[in-house]
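Analysis of the macromolecular model
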Amino acid sequence: MFDAVARNLPFLIGGFGVTLQLTFCALGGGIALGMLVGLGRISRKAWVYQPVTVYVNLIRNVPLILVIFWFYFVMPIIAGRPLNPFLSAVISFIIFEATYFGEIFRAGYQSISKDLVNAAYSTGLTYSQTARYILIPIAFRRMLPSLITQSIVTFQDTSLAFVIGLQEFVRRTSIVDNLEVRSIQLFSFVAIVFFIFCFIGSKISRHFEEKGRKTGVL
Amino acid sequence: MGFAYDFDWGVLWRQPYGMWLLQGIWLTLKIGFLGWIIALFLGILIGTLRVTPWRWLRFVSTAYTEVFRNVPFLVQLFFWYYAGPMIFGENLGRQINQIVGLNYYMAIFALGMYTASRVAEHMRAGFASISRDQYQAVLSTGMTHSQMYRYVIIPYALRIILPPLTTEFLTIFKNSSIAMTIGVAEITFMSYRIDAETFHGLEATTGAMFIYLVLGLTVVRVMGIIESKFKIPGMIGR
Amino acid sequence: MIEINNISKWFGDFRVLTDINEVIDRGKTVVICGPSGSGKSTLLRCVNGLEPYQEGEIIVDGISLSDPQTNLYKLRQKIGMVFQRFELYPHMPVLRNITLAPMKVLKKSRQEAEKKAMALLERVGIPEKAGEYPANLSGGQQQRVAIARSLAMEPDYMMFDEPTSALDPEMINEVLEVMIDLSKEGMTMIVVTHEMGFAREVADEIIFMDEGRIIERGTDEEFFKNPKSKRTKAFLSQILV
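In this text the structure is predicted, and so the values were computed from the model without any measurement. (Residues numbered from 1 in each chain as written. Chains lettered and ligands numbered in written order. Predicted model: local features only at pLDDT ≥ 70, side-chain atom pairs only at ≥ 80, totals over all residues. Heavy atoms only, no water.)

The next point concerns the overall build of chain B. Helix and strand counts for chain B come out as 10 helices and 0 strands. In chain B, the succession of α and β elements from N to C terminus is α-α-α-α-α-α-α-α-α-α. Summarising its shape, the C-alpha atoms of chain B cover approximately 75 × 50 × 30 Å along the three principal directions. Looking at chain B as a whole, 50% of its 238 residues qualify as buried. Restricting the contact set of chain B to residue pairs at least 6 apart, pairs at least 24 apart contribute 78%. Carbon together with sulfur atoms contributes 66% to the accessible area of chain B, which is approximately 12,500 Å² in total. For chain B, the distance from the average position of its 18 positive side-chain charges to the average position of its 12 negative side-chain charges is 15 Å. (Helix = DSSP H or I, 4+ residues; strand = E, 2+ residues; numbered from the N terminus. Buried < 20%, exposed > 50% of the residue type's maximum accessible area, 1.4 Å probe, protein only. Contact = heavy atoms within 4.5 Å. Areas by Shrake-Rupley, 256 points an atom, 1.4 Å probe, with all protein chains shown as cover. Lys, Arg positive; Asp, Glu negative; His and termini not counted. Charge placed at Lys NZ, Arg CZ, Asp CG, Glu CD.)

Rendered as structure tokens:
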């Protein structure tokens, strides 16, 4: 039944490998940048808050595909030479996903009640000690379910790198489909693979959400 | 720095490019709206199935939501467009593929199906946020379950979830851009086409971003007016 | 000794505190009461430097809070504070909640800190809860742990911000008993509370605040039997059954 898939399995798996690479790079950069974006969004200094807010609001209104194209056109101009599509895609993803991760971090930072911080200070802990032993561990535990969920979204979003010709999982499936025209098999296969990974991921996220609720951290 | 590039912002309004963009906007609006209508009806239906007393109906609703959420929209679109016609067998499938504008209809269909799963999730959250006591209060006036849902709970839940629904409405316009991959000539497709002809993709895509921004702000403004008309007095608003 | 001299604090047009004056000698227990929004909580937070003030001066054991050289962190080791919502660290067991600051700030060894922590847990009556997470404790138990946590730093002063307001009625007494013992042992305490029974038993001075000012003060005798101001009388009639 899935003979077309079986015949082309190595090729397709290779594409999935590219998808995974894209995902990891996008997550690494997106989460790191997202931490800064989150800080920027709670900053009291206007010269930090304003530009970050403009950036976040801009990106969130624009489709990811367009962002991917935009960087694809911009990068060669800035770099002075045509750019590797993988790099261009990764940069687009980082810039895009960082806004969503940024909002998760912002909510995490803001969820720590002021009095909890005051309680720590009242025992004589310094700012960095409070951040290290109280703020960051608690914020991280609270944000973990959302971080996992957004990572799953990023994983799905990498499929859009299709449009600049990147040979990731979906494009390779489409290439095979052009040859074999066994569309139902092939696209079901892609769908099932994504489904399995994302479904498991969302179960993991829910597990941490339950755990957080039980220990009173959430 | 020395950019080896001369900017040409005229591509945005010079003919025929300006016309292309306008046509693209029109198409984006069409597939967005039509997809949204499907999504609303289907989503409310599926969301309500989730809370019925019959286990297999609930399962259908949960399965629908899980499947459509865990597969990327691009993959769903490709499935319906490429594999969809084949479901009807070789002959009928070939005939379907001859239909002019098939990609347009498929895009609307796929958008509707996908967004419906998200609307269904919001409905579930809306139902859950209505207190158990409220349900019991309605039942104690003698209404049946289906009457309760039809006249009280569903309208109530819809008002509660207006803010997240606004976000979904915005998202559907953003997702409409993905239809360009099957050749639907909406905004993003047009900006890419302008680049193919003029090599000024940067200006074209920047212009397209601006258009989406305006679209987004308009949607938020319009939904804000609707929200205020339907707001429940006493509830904490946005 | 804590000296509060002419403290005023405002946010834009809104005056939170106006002309607050008070001297708290060692060993004294001062109770502050008043309607919500009267500035009582803010005043406490000014004393240990959690909130800044615009006018006046607070001097703790000769050290002025207004002095930019003052190390607020060291100051807070001397003043313990207990909060209305307990504010225990939810991700750590009870014992660690208590030993964290002594180990990181006072540089005590783990054995030392845990020994002291267990002794404090005995003192507040719940040594068996040492390994539990805060979420598994009742409100009254959590607040007692919070008190132990503050006492672990061996402070000279203890401040309480409505410590029983978030508790169910049957748990209020277990916390008040700990506080009464503490006061009788000679701890210098500033307590913001509506528990007048507590005030009558151990307060050396009761202060009534309203709209950011001190309206009236006196010993418990004077305060309850002969309130002078109309506002004080009105407030007392509302909270005393």
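Back to the write-up after that little detour.
Further remarks concern the state of the cysteines. The final tally for this structure, using the stated rule, is 0 disulfides over all chains. With no disulfide of its own, C25 of chain A has C198 of chain A as its nearest cysteine by sulfur position, at a separation of 18 Å. (Disulfide = S-S within 2.5 Å.)

Across all of its chains, the model carries 2 cavities of 30 Å³ or more by this definition. Along its surface, the largest cavity is lined by I4, I20, E22, I24, V30, I32, L43, L44, V47, I190, I207 and I214 of chain C. Of all the elements in the fold, those that place two or more residues in the lining of the largest cavity are β2 (14-24), β3 (29-33) and α1 (40-47) of chain C. Residues belonging to the lining of the largest cavity are distributed by class as follows: 11 nonpolar, no polar and 1 charged. In this structure, the second largest cavity spans a volume of roughly 40 Å³. As for the second largest cavity, its lining consists of N61 of chain A together with L170, F173, K174, Y212, L215 and G216 of chain B. (1 Å grid on protein atoms, 1.4 Å probe; cavity = no way out; pocket = protein on both sides within 12 Å on 5 of 7 lines; lining within 4 Å. Points joined across faces, edges and corners; volume = space filled by probe spheres on them. Nonpolar A, V, L, I, M, F, W, Y, C, P; charged D, E, K, R; others polar.)

Turning our eyes to something else, we now look at the interface of chain A and chain B. With 35 residues of chain A at the contact, the number on the chain B side is 35 residues. Summed over both partners, the interface of chain A with chain B buries about 3,300 Å², with 78% contributed by carbon and sulfur atoms. On the chain A side of the interface with chain B, the three residues burying the most area are N61, F73 and I77 of chain A, jointly 19% of the side's total. At the junction of chain A and chain B, the tally comes to 1 salt bridge. A salt bridge links R206 of chain A to E66 of chain B; the nearest nitrogen and oxygen atoms lie 3.7 Å apart. The interface formed by chain A and chain B includes 4 residue pairs in polar contact (both at pLDDT 80 or more). If one sorts the elements of the side of chain A that touches chain B by residue count, helix α9 (residues 183-214) of chain A sits on top with 12 residues. (Buried area = accessible area lost by both parts, 1.4 Å probe. Salt bridge = Lys/Arg side-chain N within 4 Å of Asp/Glu carboxyl O. Polar contact = N/O pair within 3.5 Å; in protein donor to acceptor, adjacent residues only side chain to side chain.)

Residue and element names in this part refer to chain C. Taken together, 6 strands build an open sheet; the order of strands is β6-β7-β8-β3-β9-β10 and the sheet is mixed. Either end of the sheet is taken by a strand with one partner, and the two such strands are β6 (79-82) and β10 (213-218). The mean inter-strand angle of the sheet, taken between neighbouring strand axes irrespective of direction, is 20°. Examined bridge by bridge, strand β9 (residues 205-210) and β10 share 5 bridges and lie antiparallel to one another. For F208, the partnering residue across the bridge sits in β10 and is E216. (Pairing = 2+ DSSP bridges. Axes fitted to C-alpha atoms, helices over the stretch in contact; angles between N-to-C directions.)

This part takes up the sheet that holds strand β5 (residues 63-64) of chain C. Residues and elements named next belong to chain C. The antiparallel open sheet is built from 4 strands, whose spatial order is β2-β1-β4-β5. Each edge of the sheet is formed by a strand with only one pairing partner; in this case those strands are β2 and β5. When strand β1 (residues 2-11) meets β2, the two strands line up antiparallel, connected through 7 bridges. Paired with I2 across the bridge in β2 is I24. Contacting β1, β2 and β4 (55-60), α1 crosses the sheet at an angle of about 60° to β2.

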